Amino acid sequence: MPSSVLWAVDLFGRVHTLSTTGQYWEPCRDAQLEFKRVSATTACCWGIACDNQVYVFVCASEVPIRRREEAYENQRWNPMSGFCEKLLPSDRWPWSDVSGLQPRPLDGVALPSPHWEWESDWYVDENFGGEPTEKGGWTYAIDFPATYTRDKKWNSCVRRRKWIRYRRYKSRDAWAKIPSKDDPKQLPDPFNDLSVGGWEITEEPVGRLSVWAVSLQGKVWYREDVSHANPEGSLWSLVDCPGEVAQISCGPHDLLWAVLWEGPALVREGINRNNPQGSAWSIVEPPGPDSGILHVSVGVSVVWAVTKDQKVWFRRGVNSHNPRGTGWIEMVGEMTMVNVGLNDQVWGISCEDRALYFRQGVTPSELSGKTWTAIVAGRECDRSYSGSSSSLLSAGCFFGDEVRGGGDSAPSDSDASSEVERLGPEHPLSVEPGDKSRSAGPGPSRTEAGAVQDTCPAQGSGEAAQVSGLHRQPGPAELPWTNIDLKEPPKGPSCPAASFPQPTGLCSLGLLGMEEPCGAADHPLWAWVSGGGCAVEAGSVLKWFSVQSGLSPSVQTLSLSITPAQTAAWRKQIFQQLTERTKRELENFRHYEQAVEQSVWVKTGALQWWCDWKPHKWVDVRVALEQFTGHDGARDSILFIYYVVHEEKKYLHVFLNEVTALVPVLNEAKHSFALYTPERTRQRWPVRLAAATEQDMNDWLALLSLSCCESRRVQGRPSSQALWFSPDLEAGEHLLPCDQMFWRQMGGHLRLVEANSQGVVWGIGYDHTAWVYTGGYGGGCFQGLASSTSNIYTQSDVKSVHIYENQRWNPVTGYTSRGLPTDRYMWSDASGLQECTKANTKLPSPQWTWVSDWAVDFSIAGGTDPEGWQYASDFPASYHGYKTMKDFVRRRCWARKCKLVTSGPWLEVAPIALGDVSIIPESTPDDRRRHSIALWAVSDKGDVLCRLGVSQLNPAGSSWLHVGTDQPFTSISIGACYQVWAVARDGSAFYRGSVSPAKPAGDCWYHIPPPAKQRLLQVSVGQTSVFALDENGNLWYRAGITPSYPQGSSWEHVSNNVRRVSVGPLDQVWVIADKVQGSHSLSRGTVCHRTGVQPHEPRGQGWDYGIGGGWDHISVRANATRAARGACRAQEPSAAQEAPGPVCC
């Protein structure tokens, strides 16, 4: 689970954050301001300070927030002076925006607030539609406005060019005051409440937020144009409401509730991506006539409320179609406020002791949760003080009298008692053992065994407060509890010496914890909490709720500890001793013969098999795996498949040492997998088997995979020279023919993988999460001997399933779902050949689960209208997002998200989501001395990044370095000689100049036009070769590349029907082919290797076909093994190579 933070404000106005992976509250860095309340998201936090002004805190990131400003210079031609700025009276402004309606001189474009700074000066954009313009950047047209072209013609009477300047947001990790450019007479009143949400309403613009606020006069305001690129927004707009509002809450999606001063609630209706402010209000009555609503908080599909009598209520039946819900349910506990965060998790502040509570047991099936649990996390002062106490105790335990003899290292009892007297009876001190009773419900009383009763005297009683501990002897690593009189300090030590050498040192340490200004009992008094940026998965383990048993948080680290260095030395010593003992014991028995020379082991089961003959169908079969061990200890296995044809029993067998790939088939409802051999790979017809349950399939997959690896003597982690491909297979480093290469499944789930010859492997999931390879193997269904015992971690992935709604226009009813007999299905896939409705569309495989409902996808290529429709003249055709007179058909895309949870040898690289990644195939000797490996990436928003600190010992690296671009990028690749090529969203290519180990980010981009009338999608760079792939599946080679001219001169066509390309460090070319002929049927997603690639023939001559189909990605960039001359085609990996290198797909 990636780290996220919970935001809270204490009674003194100080803002704190608590990480999901930590157990201490950290104060906000900008501690000069005092706040009333805050509202957080994952990337920022909005707040109202005590001066009633609104501030925004944008979390720091290695990717800057950049905004591009544009201005157009317009000129008209006249016979006397040619093109000049003298325009006709009816023309646009000489300097204008893109429409020409607003004047925009360069010196008139100012920064919107002091929180921005200019990144560069104005410069001309010489890129037009993915192709470079003539020098000067001018584009020509007949008149304003018209269609502009790069070429000047005889009738070009006007021209224009675009000027660009970038500004950067600089107030990161600091509270920035929201500026206001409104009319002073229309400025909003001081704000009383604020809520941020709406980030799931739409994906465009990126990071758009809905910021709602309530003024002291009860008016509701909405902040316009708040997004990732504009974190401050533009202006406040007033939203009419039927009464005076006291408080407001906005959910991540389209849920918005508000509370009136009189007690009823208001629900905003009509919120959508085109109208984020909504259209109307509806009233919801409070739970009872005498219990008006005081506070409300909403999530995705839940509403929690607190009434004026501090009762907590849950609203049932809430969803996007019914935002009002159906009724109120009273919950246990009394709170001053509650807050709903991500995943509909709930936090609350108790009305009695102002402690913070978390609602445990909240799941999609049980949104109301089960119980309130107190968050007992300490603060930074607890950590710093307990750290000093821990070091002191360690010194006292290990060195005895040396510490106590110093006299100044620990305070005496009299010093501690005098400190208690200075505090006085109005600041009682108490020390509690592990507080486990708060989970039962809010309140200060503790009744469970082992808890401390609240014995503070009544106001004005004058009695001394005492803290009594448990009636038991202290353990060897814990402190005995002491009765302390706050009025009269004790005359001498009161601690028994049962656990430590001398009682004096123990009592000194025991009183150390009571001197700290913020102890366990003196917990923070909270005023506000916001979980909008805190992602807590159902069932996740947090460190917020427990402290070490018997110790308060301030002294919980006083236990004995061993340093990592001591642990490493101890482990090394034990390992050496065990190794020596093993050698001694085995030496005397080496001359004995083996007791058992051969062994046979058989496993049988019932599966289904896809017939080799027509009609192809699934038939029930019996399967037997026979494994035998030879005289030399080598193991081999045979898989027998017994079936019945015309009442005649037959069988087929597969030698597992001939199996080249064992692949689960994830594109159908059955739990099936496929076995490839060289012969069946050439035929494109693998052996396909299906199990009755997912567990049976996983058991057979793990067993067969282990048997295949044992037959080939392949074990351990892959070689650094391996080839990888997605989904997560690796192949040996030996350059065998494609159909004879052995592929091993590594575990995990990724969309793409990139590797280099140093063993650094990165991957990206379908949800754009970056992962780094840990060195293990297995996980998921591969357990036991088929998986490594370490470096296996939980991994999740989320992707969207798309279907299309198709309609045709007719003169009577307009667009309807009644099409022509020759039309595609009215609900289909993207091709229109398969019928796909919302009801019959299934998950990609049984391992996935739905995590959302169907929703219109507005982000598809070509754009959409406000309702998500795309128009065209007929099926199929080129679709566009606007309607014309010639458009007789239309379609719109529906998407639904699903999630997969598995495990594998991968660790998440947070926090930036990536779209593409590339690692330098081979490092130079200079790099190896510096322990640095070049890694470039493109974020999901199109930013180009360079990873610093990547090495064999630290494959995840340390930080990102942002590389500026003029437009978003989609693909990137770095070659063996630091050649960095990239592809922009407009389909053009770019080359980064002067990249070197000393200058890892280079200095500038060189624009390279794409092939004529094509838009590039992907680029891959080897040692000297550059290959690119366009959107139509054509593979192109960049000719004319030399050391003096690394940009090359032209594009040459190589092949078509290509889905993905990877160029290795020796310029070897591997692709994923979209269609392969010469088999039982057309195979999509087949692994292919380009043959005949030589220095004098870098394009190659033909293709060698491998396993297929269904593969999406391949990476050969780690394989720097040169083919041995005269090598046999049937050469197998040698027994000495335990971990053969793979090819990544």
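Each value, and the rule that gives it
Residues numbered from 1 in each chain as written. Predicted model: local features only at pLDDT ≥ 70, side-chain atom pairs only at ≥ 80, totals over all residues. Heavy atoms only, no water. Helix = DSSP H or I, 4+ residues; strand = E, 2+ residues; numbered from the N terminus. Buried < 20%, exposed > 50% of the residue type's maximum accessible area, 1.4 Å probe, protein only. Areas by Shrake-Rupley, 256 points an atom, 1.4 Å probe, with all protein chains shown as cover. Expected span 1.5 Å × (residues − 1). Core = buried A, V, L, I, M, F, W, Y, C linked by side-chain atoms within 4.5 Å. Polar contact = N/O pair within 3.5 Å; in protein donor to acceptor, adjacent residues only side chain to side chain. Contact = heavy atoms within 4.5 Å. UniProt positions renumbered as here; feature names shortened; annotations may be inferred. Pairing = 2+ DSSP bridges. Axes fitted to C-alpha atoms, helices over the stretch in contact; angles between N-to-C directions. Salt bridge = Lys/Arg side-chain N within 4 Å of Asp/Glu carboxyl O. Phe/Tyr/Trp six-rings, centres within 6.5 Å; stacked < 30°, edge-to-face > 60°. Lys NZ or Arg CZ within 6 Å of the ring centre and 35° of its normal. pLDDT = per-residue confidence, 0-100.

**A short note on the overall build of the protein chain**
Here's step 1: Tallying secondary structure elements over the protein chain gives eight helices and 71 strands in all.
Here's step 2: Here the protein chain, with 1145 residues, has 52% of them falling under the buried criterion.
Here's step 3: As displayed, the protein chain offers around 53800 Å² of accessible surface, 51% of which is attributable to carbon and sulfur atoms.

**Regarding helix α7 (residues 694-711)**
Here's step 1: The first and last C-alpha atoms of α7 sit 26 Å apart over 18 residues, in line with the 26 Å expected at 1.5 Å per residue.
Here's step 2: Along α7, the residues that are buried comprise Met697, Asn698, Trp700, Leu701, Ala702, Leu703, Leu704, Ser705, Ser707, Cys708, Cys709 and Ser711.
Here's step 3: Phi turns positive, to about 55°, at arginine 713, one or two residues after α7.

**Thoughts on the nonpolar core**
Here's step 1: With 36 residues, the main nonpolar core has Trp762, Leu914, Trp936, Trp960, Phe969 and Trp1005 as its most contacted residues.
Here's step 2: Every element with two or more residues in this core is listed here: β45 (761-764), β46 (770-773), β55 (914-919), β56 (935-939), β57 (944-948), β58 (959-963), β59 (969-974) and β60 (980-984).
Here's step 3: Sorting elements by how many residues they give to this core places β56 first, with four residues.
Here's step 4: Among the nonpolar cores identified, the runner-up in size contains 31 residues, and Leu18, Phe35, Cys45 and Phe545 belong to it.

**Observations regarding the side chain of arginine 223**
Here's step 1: Inspection of the secondary structure assignment puts arginine 223 in strand β19 (residues 220-223).
Here's step 2: Judged by its relative accessible area of 1%, arginine 223 is buried.
Here's step 3: Among the polar contacts listed, one links the side chain of arginine 223 to the backbone oxygen of proline 179, at a separation of 3.3 Å.
Here's step 4: Within the local environment of arginine 223, its side chain forms a polar contact with the backbone oxygen of glutamate 232, the two atoms lying 2.9 Å apart.
Here's step 5: If near-sequence neighbours (up to four positions away) are discounted, arginine 223 is found in contact with Trp46, Ile178, Pro179, Val211, Glu232, Gly233, Ser234, Leu235 and Trp236.

**Comments concerning the UniProt feature "domain: Peroxin/Ferlin" (unreviewed entry) in the protein chain**
Here's step 1: The UniProt record annotates "domain: Peroxin/Ferlin" (unreviewed entry) at residues 64-125, 137-170, 796-857 and 868-901.
Here's step 2: Strand forms 44% of residues 137-170 and helix 0%; the C-alpha atoms that close the span are 30 Å apart.
Here's step 3: With 0% helix and 50% strand, the stretch residues 868-901 has end C-alpha atoms that lie 31 Å from each other.

**Regarding the sheet that holds strand β25 (residues 293-298)**
Here's step 1: If you trace the seven strands from one edge of the open sheet to the other, you get β25-β26-β27-β28-β29-β30-β31, paired in antiparallel fashion. Bordering the open sheet on either side are β25 and β31 (371-374), each of which pairs with just one other strand. Neighbour-to-neighbour, the strand axes of this sheet turn through a mean angle of 40°, independent of strand direction.
Here's step 2: Both strand β27 (residues 311-316) and strand β28 (residues 327-340) contribute to a ladder of six bridges, which runs antiparallel. Directly across from arginine 316, in β28, lies its bridge partner glycine 327.

**So, the pattern of salt bridges**
Here's step 1: Under the counting rule described, the total for this entry stands at 25 salt bridges.
Here's step 2: One salt bridge connects glutamate 131 with arginine 150, and the closest N-O pair in it is separated by 3.1 Å. Of this pair, glutamate 131 sits in strand β13 (residues 131-132) while arginine 150 sits in the loop between β14 (139-141) and β15 (158-169), and the two are 19 residues apart along the sequence.
Here's step 3: With a relative accessible area of 27%, glutamate 131 lands in the partly exposed category.
Here's step 4: Residue arginine 150 is classed as partly exposed on the basis of its relative accessible area, which comes to 27%.
Here's step 5: Across the salt bridge formed by lysine 899 and glutamate 537, the nearest N and O atoms sit 3.7 Å from each other. Taken together, the residues span a long stretch of sequence, with lysine 899 in strand β53 (residues 889-904) and glutamate 537 in the loop between β33 (526-530) and α5 (564-587) at a distance of 362 residues.
Here's step 6: We classify lysine 899 as partly exposed; its relative accessible area is 22%.
Here's step 7: Judged by its relative accessible area of 35%, glutamate 537 falls in the partly exposed class.

**Points about the packing of aromatic side chains**
Here's step 1: Here the structure, examined in full by the defined rule, presents 37 aromatic pairs.
Here's step 2: Taken together, the aromatic side chains of Trp7, Phe35, Tyr55, Phe57 and Trp175 make up a single cluster linked through ring pairs.
Here's step 3: If you follow arginine 890 out to its NZ or CZ, it ends over the ring of tryptophan 869, 3.9 Å from the centre.

**What about the confidence of the model for the protein chain?**
Here's step 1: When pLDDT is averaged along the protein chain, the result is 79, and 77% of the positions lie at 70 or above.
Here's step 2: Predicted confidence is poor over residues 548-561, with pLDDT under 50, and the contacts of this stretch with residues over four places away or in other chains come to 41 contacts.
Here's step 3: Below pLDDT 50 for its whole length, residues 1123-1145 participates in 85 contacts with residues either more than four positions away or in separate chains.

**Brief notes about the environment of threonine 769**
Here's step 1: Mapped onto the elements of the fold, threonine 769 is located in the loop between β45 and β46.
Here's step 2: In this structure the C-alpha to C-alpha distance between threonine 769 and serine 939, which are 170 residues apart in sequence, comes to 10.0 Å.
Here's step 3: Once residues lying within four places of it in the same chain are set aside, the contact partners of threonine 769 are Gly763, Ile764 and Glu908.
Here's step 4: Separated by 3.2 Å, the side chains of threonine 769 and aspartate 767 make a polar contact.

**Points about unusual backbone geometry**
Here's step 1: A cis amide bond links phenylalanine 144 to the next residue, proline 145, at an omega of -25°.
Here's step 2: Position of proline 145 among the secondary structure elements: in the loop between β14 and β15.
Here's step 3: Phi angles above zero are rare outside glycine, and arginine 354 is one such case at about 55°.
Here's step 4: As for its position among the elements, arginine 354 is in the loop between β29 (346-350) and β30 (356-360).
Here's step 5: Of the residues examined, arginine 354 reaches a relative accessible area of 27% and is grouped as partly exposed.

**Let's talk about the sheet that holds strand β67 (residues 1058-1063)**
Here's step 1: Taking strand neighbours across the sheet as the criterion, the four strands line up as β67-β68-β69-β70 in an open arrangement whose pairing is antiparallel. Here the strands that pair on one side only, and so sit at the sheet edges, are β67 and β70 (1102-1105). Each strand axis lies, on average, 30° off the axis of its neighbour in the sheet, ignoring direction.
Here's step 2: The pairing of strand β69 (residues 1086-1091) with β70 spans four bridges and is classified as antiparallel. The residue of β70 that forms the bridge with histidine 1089 is aspartate 1104.

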